[in-house]
Amino acid sequence: MAASLLDAIPDLDPAHARQLDDRIDARVRALLAEPPAKQRKLAIVASKGSLDWAYPPLMMANNAAKKGWEVGIFFTFYGLNVIHRDKGKGLQISPVGNPAMPMPTPTLLGVIPGMTPLATWMMRRQFKQRGVPTIEDLLDQAVANGVKLFPCGFTIDVFGYRSGDFIDGAQPRLGSADFLEYAADADVALFV
C-alpha cells in the first residue's frame, strides 16, 4: 500500500495529494474510533413508604443522574406515599420488627403509643445533625436532575388517590406494564 497518494499517483499535484491524504486519514480515524458511549439507564421500583425505605431509591437515583444516567423510579404500593404531596411529609419509621435499628426496641415497647413518632423524631434529628438531606430535598434534587418519578396507576386506584395528589415534577400515572417497557433496556434494575 502506498504511503501517500503522491506515491500512488506521481503526476498528482503535491498540495492536492496532501489535502486528500489528510482527508482520508481523518475519515479512517473516524471510522476506527470507538462509537460514542450509550447513556446508561437505571430503573428502580420503590415499594416501601417508611422514612428509612424512602432514602435508598432517592439516593441511588440522584447519584446515577449526577453521573449522566437516565433514571426512572416507579413508586408502587406504600412507596407511592413518598411522592404524595401530603403523606410524603409525614413518613415515619417503626421500631417494631426492625432489628437493624441502632437502638433495638423490644416488640412490647414498640406497641406503646408514641413509640413510632419518637423513633421517627430520633431518626430525623440524627440525620439533621449529620447533614443528611431530607426526603423533600432529595425529591427536589431528583426532579432537578431529570429523574423520572412514576406513580403507579394501579396503586393510585387502589388507594383512591388522584393524579393531582403528587409532588410537582412527578410524571403522569403509569401502569406496571409500561414501566416494564421503560426498564426493558435498563443497565441496572433495582427493587426496593
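Here is a short report on the structure shown in this document. (Residues numbered from 1 in each chain as written. Predicted model: local features only at pLDDT ≥ 70, side-chain atom pairs only at ≥ 80, totals over all residues. Heavy atoms only, no water.)

All right, on to the packing of aromatic side chains then. Counted by the stated rule, this structure contains 9 aromatic pairs. Geometrically, the ring pair formed by Tyr55 and Phe127 is edge-to-face, given 4.9 Å between the ring centres and 90 degrees between the ring planes. In this pair, Tyr55 sits in helix H3 (residues 51-66) while Phe127 sits in helix H5 (residues 115-129), placing the two residues 72 residues apart along the sequence. Residue classification places Phe127 among the partly exposed residues on the basis of a relative accessible area of 21%. Here the aromatic rings of Phe77 and Phe154 are separated by 6.1 Å at their centres, their planes lie at 55 degrees, and the arrangement is tilted. A residue pair is termed long-range when its members are at least 10 positions apart, and Phe77 in the loop between strand E2 (70-75) and helix H4 (107-110) and Phe154 in helix H7 (residues 153-159) qualify at 77 residues. The exposure class of Phe77 is partly exposed, given its relative accessible area of 39%. Put simply, the rings of Phe74, Phe150, Phe179 and Tyr182 touch in pairs and so form one group of aromatic residues. Above the plane of the ring of Tyr182 lies Lys41, whose end atom (NZ or CZ) is 4.0 Å from the centre. (Phe/Tyr/Trp six-rings, centres within 6.5 Å; stacked < 30°, edge-to-face > 60°. Helix = DSSP H or I, 4+ residues; strand = E, 2+ residues; numbered from the N terminus. Buried < 20%, exposed > 50% of the residue type's maximum accessible area, 1.4 Å probe, protein only. Lys NZ or Arg CZ within 6 Å of the ring centre and 35° of its normal.)

A separate point is the packing of H3 against helix H6 (residues 135-144). In the contact formed by H3 and H6, the axes pass within 10 Å of each other and the chain directions differ by 30 degrees. Between H3 and H6, the interaxial angle falls into the category roughly parallel. As for the relative orientation of H3 and H6, their crossing is left-handed in sense. Contacts between H3 and H6 involve Leu51, Ala54, Tyr55, Leu58, Met59, Asn62 and Lys66 from the first element and Ile135, Leu138, Leu139, Gln141 and Ala142 from the second. A per-class count over the contact of H3 with H6 returns 9 nonpolar, 2 polar and 1 charged. (Axes fitted to C-alpha atoms, helices over the stretch in contact; angles between N-to-C directions. Parallel < 35°, antiparallel > 145°, perpendicular 65-115°, else oblique. Left-handed = near helix turned anticlockwise from the far one by under 90°. Contact = heavy atoms within 4.5 Å. Nonpolar A, V, L, I, M, F, W, Y, C, P; charged D, E, K, R; others polar.)

Here Asn62 shows up in helix H3. For Asn62, a relative accessible area of 2% translates into the label buried. Beyond its immediate chain neighbours, meaning those up to four positions away, Asn62 contacts Leu138, Gln141, Ala142 and Asn145.

All right, on to the pairing of E2 then. Regular strands place side chains that alternate from one sheet face to the opposite one. Of all 6 residues making up E2, 5 are buried, and the element is well covered by its neighbours. A crossover links strand E1 (residues 41-46) with its parallel partner E2, the connecting element being H3, and its sense is right-handed. Two elements, E2 and strand E3 (residues 148-151), share 4 bridges in a ladder whose sense is parallel. Residue pairing for E3: Phe74 is matched across the bridge by Phe150. (Right-handed = clockwise from strand over helix to strand, strands pointing away. Pairing = 2+ DSSP bridges.)

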